[in-house]
Amino acid sequence: MKLLETVKINQWNLQSRVVMAPMTRSFADLETGVIHPDTVAYYAKRAKHGVGMIITEGIAVSPEARGTIGIPGLYTEDQTEAWKEVTAQVHQEGGIIIAQLWHVGRLSHSAITGGLQPVAPSAVQANGLTHRVGLPYETPKAMSEEDIQKVIQDFTKAAINAQLAGFDGVEIHAAHGYLIDQFQFPW
Ligand SMILES: Cc1cc2nc3c(=O)[nH]c(=O)nc-3n(C[C@H](O)[C@H](O)[C@H](O)COP(=O)(O)O)c2cc1C
């Protein structure tokens, strides 16, 4: 079957044409954002059974980028160090792994960010409740030019950490109503 044949995309020789979509798992340590040790086996198993390319779950670029509990990060040394085992095992099983870098903007809560007010292009509260935490979204801080520069730096730092951790690339999550997408909203 064609789907299970190898394919060369840019510098990568994928072991199949199957690409795993990013899926939030909420396995990470609630305080530190360091992945749970089971995360290594979780991703390695997918590569072992033939997935050509894995796009990871959304990975926070800063504490305020997190939209729910258990979201892993790539903004501290400990987080970066822990991801090294995942990329090593996936590579050993013949897979390619891309880190999805994520900032949820207003779709967060100070109870999740460690007391930081969520940020967004405008101070407009989202409808509904925070995922898994169940608290109503808060009115975010409208980002200043300085706040925007900080987020750009956060994405840059997380991309550098992804490279240090052995990822083959990064995907910037700019959809689903999260921060980058929020800049495209008409309000
Ligand atoms: C449990 C779960 C978690 C998800 N987490 C993410 C995520 O972290 N990042 C993302 O871009 N999409 C996420 N998605 C969306 C999926 O990657 C995918 O785009 C969606 O399921 C639609 O896929 P389809 O068009 O193949 O049906 C998630 C989906 C599910 C079911």
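So, a few notes on the structure that sits alongside this text. (Residues numbered from 1 in each chain as written. Predicted model: local features only at pLDDT ≥ 70, side-chain atom pairs only at ≥ 80, totals over all residues. Heavy atoms only, no water.)

Details of a nonpolar patch on the surface
Taken together, the side chains of Met 1, Leu 3 and Leu 4 present a nonpolar region at the surface, about 350 Å² in accessible area. When you line up the elements, Met 1 lands in the segment before strand E1 (7-9). The class of Met 1 is exposed, set by a relative accessible area of 72%. (Patch = residues over 30% accessible without salt bridge, like charges linked within 9 Å, V, L, I, M, F, W, Y side chains within 5 Å. Areas by Shrake-Rupley, 256 points an atom, 1.4 Å probe, with all protein chains shown as cover. Salt bridge = Lys/Arg side-chain N within 4 Å of Asp/Glu carboxyl O. Helix = DSSP H or I, 4+ residues; strand = E, 2+ residues; numbered from the N terminus. Buried < 20%, exposed > 50% of the residue type's maximum accessible area, 1.4 Å probe, protein only.)

Overview of the packing of aromatic side chains
One pass over the structure, following the stated rule, counts five aromatic pairs. Between Phe 27 and Tyr 42 the ring centres are 5.9 Å apart and the planes differ by 90 degrees, which places this aromatic pair in the edge-to-face class. Highlighted residues: Phe 27 in the loop between strand E3 (19-20) and helix H1 (38-48) and Tyr 42 in helix H1, separated in sequence by 15 residues. For Tyr 42, a relative accessible area of 11% puts it in the buried group. Between Trp 102 and Tyr 178 the ring centres are 5.2 Å apart and the planes differ by 85 degrees, which places this aromatic pair in the edge-to-face class. Taken together, the positions of Trp 102 in strand E5 (residues 96-102) and Tyr 178 in the loop between strand E8 (169-172) and helix H5 (179-182) put the pair 76 residues apart, joining distant regions of the chain. Residue classification places Trp 102 among the buried residues on the basis of a relative accessible area of 5%. Grouped by ring-pair contacts, the aromatic residues Phe 27, Tyr 42, Tyr 43, Trp 83 and Phe 167 constitute a single cluster. (Phe/Tyr/Trp six-rings, centres within 6.5 Å; stacked < 30°, edge-to-face > 60°.)

Remarks on the site of the ligand
Close contacts around the ligand come from Ala 21, Pro 22, Met 23, Thr 24, Arg 25, Gly 58, Gln 100, His 173 and His 176, and that covers them all. In isolation the ligand exposes 620 Å². Once the protein is present, 44% of that is buried. Tallied by class, the residues present in the shell around the ligand amount to three nonpolar, five polar and one charged. (Near = heavy atom within 4 Å. Nonpolar A, V, L, I, M, F, W, Y, C, P; charged D, E, K, R; others polar.)

Observations concerning H1
For H1, the full list of buried residues reads Thr 39, Val 40, Tyr 42, Tyr 43, Ala 44 and Ala 47. Contacts made by the buried residues of H1 are with E3, strand E4 (53-60), helix H2 (77-92) and E5. A positive backbone phi angle near 105 degrees is found at Gly 50, which sits one or two residues after H1. (Contact = heavy atoms within 4.5 Å.)

A look at the environment of Gly 73
Here Gly 73 shows up in the loop between E4 and H2. Overall, Gly 73 belongs to the buried group, its relative accessible area being 0%. When the C-alpha atoms of Gly 73 and Glu 145 are compared, they prove to be 24 Å apart, with 72 residues separating the residues in sequence. When residues no more than four places from it in sequence are discounted, the contact partners of Gly 73 are Gly 33, Ile 59, Ala 60, Gln 79 and Trp 83.

Here's the deal with the pattern of salt bridges
Should the charged atoms of two oppositely charged side chains come close, the side chains can pair. Enumeration according to the criterion identifies five salt bridges in this entry. For Lys 2, the salt bridge goes to Glu 5, with nearest N and O atoms at 3.9 Å. Classification of Glu 5 by relative accessible area gives partly exposed; the value is 37%. A salt bridge links Asp 154 to Lys 150, with the nearest nitrogen and oxygen atoms 2.5 Å apart. Note that Asp 154 and Lys 150 are positioned in helix H4 (residues 145-164) at a spacing of four residues, about one turn of the helix. Among the residues examined, Asp 154 registers a relative accessible area of 13% and is labelled buried.

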